[in-house]
Amino acid sequence: MAVTAFVNVALIHYWLLTNRGGEKVLRAIAKLFPGADLFTLLADEKLTDELFPGHKLYQSALSNLPGVQMYYKTLLPVMPAALESFDLNEYDLIISSEAGPAKGIIPAPNATHICYCHSPMRYLWDQYHIYRDNASWPMRYAMPFITSTLRQWDVTTASRVDHFVANSSYVRNRIKKYYRRDASVVHPPVEIEAFAAPLQDPAKENQFHNRYLWAGQLTAYKRPDLAIEAFNRSGRNLTVIGEGEELRGLRRKAKPNIEFLGKVDFDTLKAAYKGSRALIFPGEEDFGIIPVEAIASGLPVIAYARGGALDTVRPGKTGILFESQTAEGLLSAIEEFEATPSYSESEMLAFAETFNESSFLTKFRAEVDKARSTSA
């Protein structure tokens, strides 16, 4: 299914240090361009060898700094210059994968530049105040001075993109708001088959019987605090899967009906999806792969009615949406869910299949063809 019309292809990703949602999208795109070169600010070379075999990797000068993987996020003010240092003149197609700075490369005059945007940088735009309020005091003091200049660069570099592709309708609207650019929507690929498949040990799901589930990175903007408050009040059983800076504080606040499992292996996560009553998703996400994984597993989702959840949660079909991002709003949604007839697992799986990798590749290839035809 490789796209062969372009001779030299460059894939740009902000950094390659983990294998999370953004990296999985990049892996899928790389299947369309098996000869593409990879450019990133810094990388874990062992990881990139595993994820992108056969692709040549180029890193910025930032990767040469001692111990940089421990503090790279503090280098945000110099990342624009590092990106612009890449010489991309020989490439006729450039695909940037944007959530941190990535689209700000300098393309050749005749190149087509497509930006797959997971999110305009949250810490510069709509979630700036959340990040600032949760930062250390030196960073909280410095952020207004740093981010003002970075916002100007971020908006300016949007003009270097020929065609934007957003990962959700929510991100498309934010691209329009902050960059004044239109974007197509292609949802990221999700490993539907892996979550839809039966458990090897069905008994594992019993530990989640009659429990609700919260899963993901325990960071402030995902609002795990809201779930803890709601379940503290109601006394219902909640399992929390994930790690992050909020974990210690949430443990202190939680009552005995709330269980924290930390980071778990794939089989345990899958058993939690299969065995729990519903997934609690109270944050405002750009897309949110976890709800799709849950839906593929037959687990309904109770989600805040903002962000990417509007593309993935269908009321009465795959879950329930609640309008008020408060403990009261979540508790009301849980009560509505418990009064709702059971959900059809076959209908949920059929909906989830629209987010599989094959669907992503077909849609993204069509966007590449569109961009090629309009820039020719």
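Here's a quick rundown of the structure. The residue numbers shown here count from 1 along each chain, following its written sequence. Given that the model is predicted, a residue must reach a pLDDT of at least 70 before its local features are reported, and side-chain atom pairs must reach 80 or more before they are shown or counted; all residues, however, enter totals for whole chains, interfaces and linings. The basis for every side-chain value is the complete set of heavy atoms in the structure, and neither hydrogens nor water enter the calculation.

Thoughts on the side chain of K103
Put simply, the test is: Secondary structure is summarised from DSSP: a helix means a run of H or I of at least four residues, a strand means a run of E of at least two, and numbering begins at the N terminus for each. Between buried and exposed lies partly exposed: a residue is buried under 20% and exposed over 50% of the maximum accessible area for its type, with that area taken using a 1.4 Å probe on protein chains only. In the analysis that follows, any N or O atom pair within 3.5 Å is treated as a polar contact, provided that within protein one partner can donate a hydrogen and the other can accept it, and provided that, for residues neighboring in sequence, both atoms belong to side chains. Contacts are assigned to residue pairs that have any heavy atoms within 4.5 Å of one another.
Relative to the helices and strands, K103 is located in the loop between strand 4 (93-98) and strand 5 (112-117). Judged by relative accessible area, K103 falls into the buried class, the value being 0%. A distance of 2.3 Å separates a polar atom in the side chain of K103 from a polar atom in the side chain of D154. At 3.2 Å, the side chain of K103 and the side chain of T157 are in polar contact. Excluding its chain neighbours within four sequence positions, the residues that come into contact with K103 are S96, E98, H113, C115, D154, T157, A158, V161, F164 and Y179.

Let's talk about the side chain of S276
Tracing the sequence through the fold places S276 in the loop between helix 10 (266-275) and strand 11 (279-281). The class for S276 is buried, based on a relative accessible area of 9%. Other than its neighbours up to four places away in sequence, S276 contacts F208, R211, L213 and L299.

Concerning the nonpolar core
As a rule of thumb, soluble globular proteins bury nonpolar side chains together. Defined as follows: Nonpolar core, defined: a set of buried Ala, Val, Leu, Ile, Met, Phe, Trp, Tyr and Cys residues in which side-chain atoms within 4.5 Å join the residues together.
Among the nonpolar cores identified, the biggest contains 56 residues, and Y212, L238, I280 and I302 are the most heavily contacted of them. Ranked by residues supplied to this core, first place goes to helix 13 (residues 327-338) with 6 residues. In contact with Y212, other than residues within four places in its own chain, are F231, R236, N237, L238, T239, R277, A278, I280, I302, I334, F337 and E338. Counting residues in each nonpolar core, the second largest holds 41 residues, with F39, L62, Y72 and L150 among its members.

With respect to the pattern of salt bridges
Put simply, the rule is: Salt bridges are defined by distance alone: a side-chain nitrogen of Lys or Arg within 4 Å of a carboxyl oxygen of Asp or Glu.
Going through the model one piece at a time under the given rule, you end up with 20 salt bridges. A salt bridge links E84 to R160; its shortest N-O distance comes to 3.1 Å. Here E84, found in helix 3 (residues 79-84), pairs with R160, found in the loop between helix 5 (137-157) and strand 6 (163-166); they are 76 residues apart in sequence, far enough to count as distant. R160 sits in the partly exposed class, given a relative accessible area of 22%.

A word on the packing of helix 11 (residues 289-296) against helix 14 (residues 345-352)
The condition that has to hold: To define axes, lines are fitted to C-alpha atoms, for helices over the stretch in contact only, and angles between the resulting N-to-C directions are given on a 0 to 180 degree scale. Roughly parallel here means an angle under 35 degrees, roughly antiparallel means over 145, roughly perpendicular means 65 to 115, and every remaining angle is called oblique. Classification convention: Asp, Glu, Lys, Arg as charged; Ala, Val, Leu, Ile, Met, Phe, Trp, Tyr, Cys, Pro as nonpolar; all other residues, Gly among them, as polar.
Where helix 11 contacts helix 14, the two axes come as close as 8 Å, and the packing angle between them is 140°. One finds that helix 11 runs oblique with respect to helix 14. Across from V292, I295 and A296 in helix 11, the residues of helix 14 making contact are M348, L349, F351 and A352. Considering only residue class, the contact of helix 11 with helix 14 consists of 7 nonpolar, no polar and no charged.

Examining the state of the cysteines
Put simply, the test is: Pairs of cysteine sulfur atoms within 2.5 Å are identified as disulfides in what follows.
Scanning the entire structure with this criterion turns up 0 disulfides. No disulfide involves C117; its nearest neighbouring cysteine sulfur is the one of C115, lying 5.0 Å away.

Read these as geometric descriptors, not functional statements.
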